[in-house]
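Report on the structure
Here is what each chain is made of, one letter per residue.
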Amino acid sequence: MFAFIARRFSAMVFVLVSISILVFLIFFATPGVDPAARIAGRNADQLTLMQVRHSFELDKPLPLRYLSMMRHLFIARDLTSYVNRGAKVIPQLTQAIPATLSLVIGAAVIWLIAGIYFGVMAAKSKKKWIDPTISFLGIVGISLPVYWLGEVVNLITQSKLHSSVFRWVPQLGYVGLSQDPWQWFVHLIFPWLTLAVLYAGIYVRVLRNEITVVMGEDYIKTERAKGASEKRILYKHATRMSLITIVSLFGLDFGALVGGYALLTEVVFGIQGVGKLTFDSLQNFDLPVIMATVMYSAFFVVFMNAVVDVLYAVLDPRVRRV
Amino acid sequence: MSVKESSAAVFSDSPGKIALRNLRKDKRSIISLTILGIIVVLSLCAPLYSGFIAHTQPFESSLDATITLHGKSIPVLQPSTTGLGLGVTPIGPTWNISHYFLGADSQGRDVAARLLYGGRSTLFIGVSAGLLCIFVSLVIGIVAGYRKGWVDAVLSRILDIIWAFPVYLLAISLSVVLLTSGLTLLFIHIGPGSFALPILIIGVVYIPYVARPIRAQVLALREREFVRAAIGTGAKHSTIIFREILPNVMPSVLVFIPIIVSLSMLTESALSFLSIGVQPPAASWGTIINDGLGLLYTRPMVGIAPGLMIVLTAAALNLYGDAVRDALDPKSRSRGD
């Protein structure tokens, strides 16, 4: 088991290093793209370009620049922004993390409860109309563009109804949990629901299909033959088996969302999280900030991937020998 | 004679034929294909609509245009009546098919006409990117799973790296870098406004989602007896791949197509919404939602209509995907009843 974990985590380091190189190459070595021209602006003359190249060290060889950036990011931790010269990158990132975490954790609670509840209901219900209805809602959930849904939610809560039903909904934005828990909650409740819709849709569909497949397995027939009650079969065996899939799915989704996948929700609701920070820095071509946020997000995704694999190995010993 | 024929019809049907028959009977596939058909035809008719019905130029701003409504001539961009009276508000939906059915955007352009043109971009990019992704994934999956060894190791590592990169971050990074200057590969230059850029970008980011399961399937197939038998009889690699492996991975590929096309379409509109996808003057459903952002509280229809089109198309694709999956794999459909 220990060897498995060690192997899995060394692979993780490999992937992280590769990603940092890949991002670096995307921004500095894409054929036909001149980063100096992007930083200097559209109509910069040759002299300005030269100065930009010199002051951003773009005239040094690629590998050296890569190593220097990694050293500033991870060892000295004093990487500075290209756009606001002198502004340190890491504090910007650490300020953005609580907003993203608040958004994602709240949404995760909602989508897990809704997804599991309706997924099991769709699989077990004897009534003919329940399964198709839930499946239909699941399809609508996964087909809604989250930014558009967010806009519609804003339209409903911030427009005409804002003076009556939704008087309690504050302006868009984010308030820290430690500042004012109640304001934190009311600022986030609609972003939570919006973000949760998509994932609830995915989880309902996955869980329903998993349970359906497991219910056809031989050992369920054995249980039935032994005279176990349907309720026991459903909860003790089918749902429990299917939850393993949900756990691994959740690990990956959670990692991706914390790592910036919630960007569209953050943009629509004006939440200054990691995704919004990445997006803003991408628009300014602020490479150090991009590098930091991408490394941070890749770390979360890769880490959750590894955790899921280890969890799988704990639950299923066959995996360990692969 | 007749007995022989009918029994042949029952027993000799290929799995593909059975699947097709299941699909034809499935109400979901009929409904979804009808919806998709209507949306595709409407989008294809965009030039006809703007040229002959609405008589409008959907890609040129017309700030001082007027229309005749209820016998009165009204400017398309109406002076604001609230606040300081500065600025203008575009005309709202007229619900009249011949002009400004869904109203105008802030540049006085007909939203309905732009919606149809936007559908062309979104559908074209979504379908092209989806098919590109599936094709490349199929090649990677089969090569990695069939050759095994170091080829598999290298390809799998590359997939791992793309996989660990959050889809939107990778797509956004590539778009931001490529949008200003385009991409130059050897002798081919792709201009910044070209649809080829979003197609390439979106096609690339979803490759691991398809290539990984296909690779796993090919790895398993390679150990099956019928493949070993083919190897044993000295069949060529190409024969084994095209005659033994490919037909057996096709069902999963077919299931992936509607799902990936829907994902590609959603990604395209998300990128366009962030103004790093389809570039003006071209329109896609995502760019129109972006146009509607500033008009959200005064003319919500500008942003709502394209979103509804996206939901409808994506839902139809996913519904069709479910129907295809169940048709190919009857086990997943029912729960023993």
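Residues numbered from 1 in each chain as written. Chains lettered and ligands numbered in written order. Predicted model: local features only at pLDDT ≥ 70, side-chain atom pairs only at ≥ 80, totals over all residues.

Quick notes on the overall build of chain B
In terms of helices and strands, chain B carries 13 helices and six strands. Counted over contacts in chain B with a minimum sequence separation of 6, partners at least 24 positions apart contribute 68%. (Helix = DSSP H or I, 4+ residues; strand = E, 2+ residues; numbered from the N terminus. Contact = placed C-beta atoms within 7 Å.)

Focus: the overall build of chain A
Looking only at helices and strands, chain A features 13 helices and zero strands. Helices and strands appear in chain A in the N-to-C order α-α-α-α-α-α-α-α-α-α-α-α-α. With the principal axes as the frame, chain A shows a C-alpha extent of 85 × 60 × 40 Å. Put simply, chain A has 322 residues, and 35% of those count as buried. Of the contacts formed within chain A by residues at least 6 apart in sequence, a portion of 69% connects residues at least 24 apart. (Buried ≥ 20, exposed ≤ 12 C-beta atoms within 10 Å, placed from the backbone.)

Regarding the interface of chain B and chain A
With 41 residues of chain B in contact, the opposing surface of chain A contributes 46 residues. Sorting the residues of the side of chain B that touches chain A by element identifies α6 (149-164), α7 (167-181), β5 (183-185), α11 (237-273) and α13 (301-328) of chain B as the ones contributing at least two each. Counting residues per element, the side of chain B that touches chain A draws most heavily on α7 of chain B, which supplies 10 residues. Considering only residue class, the side of chain B that touches chain A consists of 27 nonpolar, 11 polar and three charged. (Nonpolar A, V, L, I, M, F, W, Y, C, P; charged D, E, K, R; others polar.)

Structural notes on the environment of Tyr-117 of chain A
Take Tyr-117 of chain A: it is sitting in helix α5 (residues 89-124). It is 8.1 Å that separates the C-alpha atoms of Tyr-117 of chain A and Val-204 of chain A, two residues lying 87 residues apart in sequence.

Structural notes on the environment of Ile-214 of chain B
All names here are of chain B. With respect to the element layout, Ile-214 can be found in helix α9 (residues 207-222). When the 22 C-beta atoms within 10 Å are taken as the criterion, Ile-214 is described as buried. Sequence spacing of Ile-214 and Asp-110 is 104 residues, and the spatial spacing of their C-alpha atoms is 45 Å. Contacts of Ile-214, omitting those with residues within four sequence positions, involve Ser-137, Leu-138, Gly-141, Ile-142, Val-249 and Ser-252.

Some remarks on unusual backbone geometry
All names here are of chain B. Of note in the backbone geometry, Lys-148 takes a positive phi value of approximately 55 degrees without being a glycine. Assignment of secondary structure puts Lys-148 in the loop between α5 (111-147) and α6. Here Ser-275, not a glycine, exhibits a phi torsion of approximately 55 degrees, which is positive. By the element assignment, Ser-275 lies in the loop between α11 and α12 (285-293).

Considering helix α12 (residues 274-284) of chain A
Residues and elements named next belong to chain A. The element α12 is largely enclosed, with a buried count of eight among its 11 residues. Of the residues making up α12, those classed as buried are Val-274, Gly-275, Lys-276, Leu-277, Thr-278, Phe-279, Ser-281 and Leu-282. Phe-285, located one to two residues past α12, shows a positive phi value of around 60 degrees.

What about the confidence of the model for chain B?
Residues and elements named next belong to chain B. Of all residues in chain B, 82% have pLDDT values of 70 or greater, and the mean over the chain is 80. Mean pLDDT across the secondary structure elements of chain B bottoms out at helix α1 (residues 2-11), with 49, and peaks at α5, with 90. Of the regions scoring below 50 in pLDDT, residues 1-9 engages in zero contacts with residues more than four places distant in sequence or in other chains. Scoring the predicted complex yields pTM 0.84 and, for the interface, ipTM 0.82. (pLDDT = per-residue confidence, 0-100.)

Quick notes on the packing of α5 of chain B against helix α8 (residues 196-205) of chain B
For any two helices packed against each other, the geometry is given by the interaxial angle and the distance between the axes. Residue and element names in this part refer to chain B. As a packed pair, α5 and α8 sit with axes 8 Å apart at the nearest point and diverge in direction by 45 degrees. Regarding the angle of α5 to α8, the classification is oblique. Relative to α8, α5 is oriented so that their crossing is right-handed. Listed contacts from α8 to Ile-125, Ser-128, Ala-129, Leu-132, Cys-133 and Val-136 of α5 are Pro-198, Ile-199, Ile-202 and Gly-203. (Axes fitted to C-alpha atoms, helices over the stretch in contact; angles between N-to-C directions. Parallel < 35°, antiparallel > 145°, perpendicular 65-115°, else oblique. Left-handed = near helix turned anticlockwise from the far one by under 90°.)

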